Amino acid sequence: MAKVVVVTSGKGGVGKTTTTAGLGTALAQSGQNVVVVDFDVGLRNLDLVLGAERRVVFDFINVVQGVAKLQQALIRDKRLETLHLLPASQTRDKDALTDEGVARVIGELRSRFDWILCDSPAGIERGATLAMRHADVAVIVTNPEVSSVRDSDRIIGILDAKTEKAEKGEKIDKHILIARFDPARAARGEMLNISDVLEILSLPLLGIIPESEEVLRSSNLGTPVVLNNPGSAAARAYLEAARRLMGEELNVTVPSGKRGLFNKLFGRRAA
Amino acid sequence: MINWSAFFKRSNSTAPVARERLQILLAHERSPLGRSDLIAALKEEILAAISRHVELDADKVQVKMDRGAAVSTLEIEVEIPNGVTALAANS
């Protein structure tokens, strides 16, 4: 049965789009049929991170308004044939998304894909609540930093109140994904550590993505880190997080700063 | 002699402070006390209650909230000028 996953955070710049691309790519690589949907109308970026920015013809809004068919707007990834993108519109604003239109498109996507990953815009306004509306699962992307954790707590409250499942009295499956984790700074006590974040938010951990140059390099190239450098710590973290999302029980390893030192001494590339 | 432990503590461990501040803040934001309009609502109702008995200036009512870990204190300061005419009770 298809699963709708919202990748959300409240705060901007924590790594939602990178995470949507990373998890989507990792799921698609394991043979799952995946679509990533950009809900950030007016400020789309998922196309750019996936290297599909020049292939956008029709977008989510066009499909919602019936101007284009879903099939016409979906972009199939050139590297992974099981990965698809439904891009957001760059010229419209979030008011162009109607409740009924979004519900219809999500329903159609459910019949075609195993996984529907919704990349939420930042904030708690309409775009963000629409992105989470039909979700079965939520991935809350958090940085180990006070404002990000506070905003995550707020978004968790909204997930429990405003999603379709919550309104029906059902529970939405929620996971924390810690991104931009810097092991060296955490060890020095400059950054909240993993257990602090989990204790405060009291939700299960989907994975820890270390802060890495590899992620930036991959965005520059428009190739998700999972494909660009599968051996890197960030790619392995996304691959493992995707397996946990599929129900596998894997221990989460907290990245240690020592690997960084090793890389500094013996060259930058792990693979 | 250099006190190394103090040196390291001062320059580095800010994470425990962050954690404690977050725990206190979120405990409040999750509770009814976290309602952003709570203080305004309290001020209005307290003012209304007192004004039924004593004539006073709305600007002379100060309401403050100090959020602690275990208990919070709500501080209300009402300035009543001396020599005001008492209003008839239950009017």
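Values in this document were obtained by computation on a predicted structure and should not be read as measured data. (Residues numbered from 1 in each chain as written. Chains lettered and ligands numbered in written order. Predicted model: local features only at pLDDT ≥ 70, side-chain atom pairs only at ≥ 80, totals over all residues. Heavy atoms only, no water.)

**What about the packing of aromatic side chains?**
Each aromatic ring pair is described using two quantities: the centre-to-centre distance and the angle formed by the ring planes.
All names here are of chain A.
Reasoning step 1: Applying the stated criterion across every chain, the model contains one aromatic pair over all chains.
Reasoning step 2: Relative to Phe60, the ring of Phe39 has its centre 5.0 Å away and its plane inclined at 85°; by these criteria the two rings are edge-to-face. In this pair, Phe39 sits in the loop between β2 (34-38) and α2 (46-49) while Phe60 sits in helix α3 (residues 60-64), placing the two residues 21 residues apart along the sequence.
Reasoning step 3: Of the residues examined, Phe39 reaches a relative accessible area of 0% and is grouped as buried.
Reasoning step 4: Accessibility expressed as a relative area gives 0% for Phe60, which makes it buried. (Phe/Tyr/Trp six-rings, centres within 6.5 Å; stacked < 30°, edge-to-face > 60°. Helix = DSSP H or I, 4+ residues; strand = E, 2+ residues; numbered from the N terminus. Buried < 20%, exposed > 50% of the residue type's maximum accessible area, 1.4 Å probe, protein only.)

**A closer look at the sheet that holds strand β7 (residues 173-181) of chain A**
Residue and element names in this part refer to chain A.
Reasoning step 1: Strand order in the open sheet formed by eight strands is β3-β4-β2-β5-β1-β6-β7-β8, and the pairing between neighbours is mixed. Strands at the two margins of the open sheet, each flanked by one partner only, are β3 (75-76) and β8 (205-210).
Reasoning step 2: Strand direction decides the pairing type here: β2 and strand β5 (residues 115-119), joined by five bridges, are parallel. The residue bridging Val35 from the neighbouring strand is Ile116, located in β5.
Reasoning step 3: Its contacts with the sheet place helix α1 (residues 16-29) against β1 (3-8), β2, β4 (83-86), β5, β6 (137-142), β7 and β8, and it is angled at close to 170° to β5. (Pairing = 2+ DSSP bridges. Contact = heavy atoms within 4.5 Å. Axes fitted to C-alpha atoms, helices over the stretch in contact; angles between N-to-C directions.)

**Observations regarding the confidence of the model for chain A**
Reasoning step 1: Here chain A shows a mean pLDDT of 92. Residues at 70 or above account for 94%.
Reasoning step 2: The low-confidence segment residues 260-271 of chain A (pLDDT under 50) makes eight contacts with residues lying over four places distant or belonging to another chain. (pLDDT = per-residue confidence, 0-100.)

**Overview of the pattern of salt bridges**
Reasoning step 1: Going through the model one piece at a time under the given rule, you end up with 17 salt bridges over all chains.
Reasoning step 2: Its salt-bridge partner being A:Asp77, residue A:Arg79 comes within 2.7 Å of it at the nearest N-O pair.
Reasoning step 3: Among the residues examined, A:Arg79 registers a relative accessible area of 39% and is labelled partly exposed.
Reasoning step 4: A:Asp77 gets classed as buried once you look at its relative accessible area, which sits at 11%.
Reasoning step 5: Measuring nitrogen to oxygen at the nearest pair gives 2.5 Å for the salt bridge that ties A:Asp153 to B:Arg30. Remark: B:Arg30 occurs in helix α2 (residues 15-30) and A:Asp153 occurs in helix α7 (residues 146-162); the pair is interchain, linking two chains. (Salt bridge = Lys/Arg side-chain N within 4 Å of Asp/Glu carboxyl O.)

**Things to note about the side chain of A:Thr25**
Reasoning step 1: Among the structural elements, A:Thr25 can be located in helix α1.
Reasoning step 2: Excluding anything up to four places from it in sequence, A:Thr25 contacts A:Leu50, A:Leu80, A:Leu83, A:Pro224, A:Val226 and A:Leu227.

**Re the pairing of strand β1 (residues 61-67) of chain B**
All names here are of chain B.
Reasoning step 1: As judged from the seven bridges shared by β1 and strand β2 (residues 72-78), these two strands associate in the antiparallel manner. Looking across to β2, one finds that Asp66 is bridged to Thr73.
Reasoning step 2: Hairpin connection from β1 to β2: four residues lie between these consecutive antiparallel strands.

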